[in-house]
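Understanding the architecture of this molecule
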Amino acid sequence: PRHIRETISGVKDIYTYLWTGPASADPVEVRAEYVRTRFADMLGIGDLGELSGALEPFVDHVADKLARAVPDVSTDS
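An account of the accompanying structure is given in this report. Not measured: the values here are computed from a predicted model.

**Comments concerning helix 1 (residues 4-20)**
The end-to-end C-alpha distance of helix 1 is 23 Å, a good match for the 24 Å that 17 residues give at a rise of 1.5 Å each. Turning to helix 1, its buried residues are Gly10, Ile14, Tyr17 and Leu18. Viewed along the axis of helix 1, the buried residues span an arc of 90 degrees, placing them on a single side of the element. Across from the buried face of helix 1, at angles greater than 90 degrees, the exposed residues are Arg5, Ile8, Lys12, Tyr15 and Thr20.

**Section: the pattern of salt bridges**
The final tally for this structure, using the stated rule, is three salt bridges. The residue glutamate 33 makes a salt bridge to arginine 36 at a minimum N-O spacing of 2.8 Å. Of this pair, glutamate 33 and arginine 36 both sit in helix 2 (residues 28-43), three residues apart, which is roughly one turn of the helix. Judged by relative accessible area, which is 40%, glutamate 33 ranks as partly exposed. Owing to a relative accessible area of 24%, arginine 36 belongs among the partly exposed residues under this scheme. Aspartate 64 is the partner of arginine 68 in a salt bridge, and the nearest nitrogen-oxygen pair spans 2.9 Å. Remark: aspartate 64 and arginine 68 occur in helix 3 (residues 51-69); sequence separation between them is four residues, near one turn of the helix. Several salt bridges share partner residues, and in doing so they unite Glu33, Arg36 and Asp60 into one network.

The rules behind these values
- All chains use their own residue numbering, which begins from 1 and follows the written sequence.
- Given that this is a predicted model, residues contribute local features only at a pLDDT of at least 70 and side-chain atom pairs are listed and counted only at 80 or more, while totals for whole chains, interfaces and linings are drawn from all residues.
- Values shown for side chains rest on all heavy atoms present in the structure; no hydrogens or waters enter the calculation.
- Helix and strand definitions follow DSSP, with helices as H or I runs of at least four residues and strands as E runs of at least two, each counted in order from the N terminus.
- Any helix carries an expected span of 1.5 Å times its number of residues minus one.
- Remark: exposure states derive from per-residue accessible area (1.4 Å probe, protein chains only) relative to the maximum for the residue type, with buried under 20%, exposed over 50%, and partly exposed in between.
- As used here, the arc belongs to the directions running from the helix axis to the C-beta atoms.
- A side-chain nitrogen of Lys or Arg and a carboxyl oxygen of Asp or Glu constitute a salt bridge if their distance falls within 4 Å.

Right under this line is the structure:
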């Protein structure tokens, strides 16, 4: 409960980057790393010790899915 404000801010940052920010011009790998870093911070993975390794595949999956959901900027126009 005490981290609600930080979590909401993190979600807002990810949303803004992906849907209204520069994400469409970035490669998928850059998008995924952006999401991965912020999502892991929101979950406080660094504070979980051995459990952090168990959550990494989940964080990677979510980051990859969100990064691929953003349409690429078309250079064909």
